[in-house]
Amino acid sequence: MKKIFVLVSLLCCLAMTAMGQTQEKLGEAPAMGWNSWNKFNCQINQDLIHEIIDAMVSTGLKDAGYQYVNLDDAWHGPRDKDGFIQADSKRFSSGIKSLSDYAHSKGLKFGIYTCAGNKTCANYPGSLGHEYQDALQYARWGIDYIKEDWCNTENVNAKGAYSLMADAIKQTGRPMYFSLCEWGTNKPWLWAGKFAQSWRTTGDIQNNFKSVLSILDQQNGLRKYAGQGHWNDPDMLEVGNGMPVNEDRAHFSMWCMLAAPLILGNDIRHMSKETAGIIMNKDVIAVDQDKLGIEGLRYAKENDLEIWFKPLAGGDWAFCILNRGIIPEKYVIDWQKFNFTDDVSKLSTAFDQKVYSIRNLWTKKNEGTTKKIKKEVIPGHDVVMYRLTPKIK
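In this report, we go over the structure that sits alongside the text. Keep in mind the model is a prediction, meaning the values are calculated, not measured. (Residues numbered from 1 in each chain as written. Predicted model: local features only at pLDDT ≥ 70, side-chain atom pairs only at ≥ 80, totals over all residues. Heavy atoms only, no water.)

### Observations concerning unusual backbone geometry
Negative phi characterises most residues that are not glycine, and trans characterises most peptide bonds. A positive phi angle is found at Ala 74, which is not glycine, with a value near 90°. Turning to its location among the elements, Ala 74 is positioned in the loop between β2 (68–70) and β3 (76–79). The backbone of Lys 364 shows a phi angle near 60°, a positive value even though the residue is not glycine. Inspection of the secondary structure assignment puts Lys 364 in the loop between β15 (356–360) and β16 (365–369). Of the residues examined, Lys 364 reaches a relative accessible area of 40% and is grouped as partly exposed. (Helix = DSSP H or I, 4+ residues; strand = E, 2+ residues; numbered from the N terminus. Buried < 20%, exposed > 50% of the residue type's maximum accessible area, 1.4 Å probe, protein only.)

So, in structure tokens, the structure goes:
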């Protein structure tokens, strides 16, 4: 059996090499896509995923930059007699490869879920002891993205388990984005950047603003570990799952300020105009995807207001005021209060030396320059978000 497995692995790798498969550097920018868990949990099947793939194209999400369609927990059937994982034959009667092929035919990429334990969080077969088999099976299916969870891992060493799966992925010869879902328990930001494209920094997000703020607070001190090819992941988005529009807008804005993976979790087949407008705001997405690859920082806090900056390529800055409270807050923006040099990027705002034009990313209006102070009202549980661009004197 061992000889057969080694032979199959070798043949698979040789076939992929012969195909001359190439792919852009994985994780060069934070991943953008969709995942089944937040909205559908275990209630997934191939018809639903077909419709989601279609909706990624028809709604304009693909054109906005979203590319991955990711199955989460509960797609699994039993392993076959040789130990290879199979899909549930009733809910995925055509198999995973057919879905992957369909996503690829639409110009999208396809992702899958597994777990570092012997069972997944929903008690389906995990990858413990089957890492190389599972990675090979995923490569056969044309998978582009692997999310590996952390349930049922008693007495399992996190760094060892995830580095093992990373090596298994590497040995297949197929580039597959590797997303660690270790919940931040073992501080993956200290070690995962060597072999993964992103790692979860917290437990699961919940569909409420308190959870959004809690996860935001848990990112403190982590920005220095993120960058091109390796990103902090504060979990998937809850935009469109029931929070008010203002909270959805704030949630999305802050994830973009964090340079976080933008993995949608709503039913994109049936979404409101407001939800679509938030998740497809290309100006805000550009802040997240900025090629400089620097995570934003919370520079100051005044009562319920937080002042955030994110250095961008070309000398631009993203500027965001978050109102954590429920009451609208008036604020006078005196740009000269914000002269500083960022410890991570080593870039300076230099408001005392430069004048920036101001572009409001949610109203899509130009709002003067930083020559003068600016008065704003920040609604409750909402944001004001600008792109600041140096003007040529």
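### Quick notes on the side chain of Lys 374
Looking at the secondary structure, you find Lys 374 in strand β17 (residues 374–378). Within the structure, the side chain of Lys 374 is placed 3.0 Å from the side chain of Glu 367, a separation counted as a polar contact. Here Lys 374 is in contact with Tyr 331, Val 332, Ile 333, Trp 335, Ile 358, Glu 367 and Tyr 386, once residues within four sequence places are set aside. (Polar contact = N/O pair within 3.5 Å; in protein donor to acceptor, adjacent residues only side chain to side chain. Contact = heavy atoms within 4.5 Å.)

### A short note on the packing of helix α3 (residues 46–58) against helix α5 (residues 96–105)
At a minimum axis separation of 10 Å, α3 and α5 run at an interaxial angle of 10°. Taken together, the axes of α3 and α5 lie roughly parallel to each other. Between α3 and α5, the contacting residues are Gln 46, Ile 49, His 50, Ile 53 and Asp 54 on the first element and Leu 99, Tyr 102 and Ala 103 on the second. Of the residues that constitute the contact of α3 with α5, the class distribution is five nonpolar, two polar and one charged. (Axes fitted to C-alpha atoms, helices over the stretch in contact; angles between N-to-C directions. Parallel < 35°, antiparallel > 145°, perpendicular 65-115°, else oblique. Nonpolar A, V, L, I, M, F, W, Y, C, P; charged D, E, K, R; others polar.)

### Focus: the nonpolar core
With 87 residues, the main nonpolar core has Tyr 66, Trp 75 and Phe 252 as its most contacted residues. When residues of this core are assigned to their parent elements, the largest contribution, seven residues, is made by helix α7 (residues 158–172). Dropping the residues within four chain positions of it, Tyr 66 is found in contact with Met 32, Gly 33, Met 56, Leu 61, Leu 108, Phe 252, Leu 262, Leu 264, Ile 279 and Ile 285. Core analysis: the next-biggest nonpolar cluster, separate from the first, contains 20 residues, Ile 321, Tyr 331, Ile 333 and Trp 335 among them. (Core = buried A, V, L, I, M, F, W, Y, C linked by side-chain atoms within 4.5 Å.)

### Structural notes on the state of the cysteines
Counted under the stated rule, the structure contains one disulfide. Through a disulfide, Cys 121 is tied to Cys 151; the S-S separation comes to 2.0 Å. Where Cys 121 bonds to Cys 151 through sulfur, the torsion about that S-S bond is close to 95°, and the disulfide is right-handed. Taken together, the positions of Cys 121 in the loop between β5 (109–115) and α6 (131–140) and Cys 151 in the loop between β6 (145–149) and α7 put the pair 30 residues apart, joining distant regions of the chain. For Cys 151, a relative accessible area of 16% gives the class buried. Considering cysteine sulfurs only, Cys 320 is the nearest to Cys 256, which forms no disulfide, with 9.7 Å between them. (Disulfide = S-S within 2.5 Å.)

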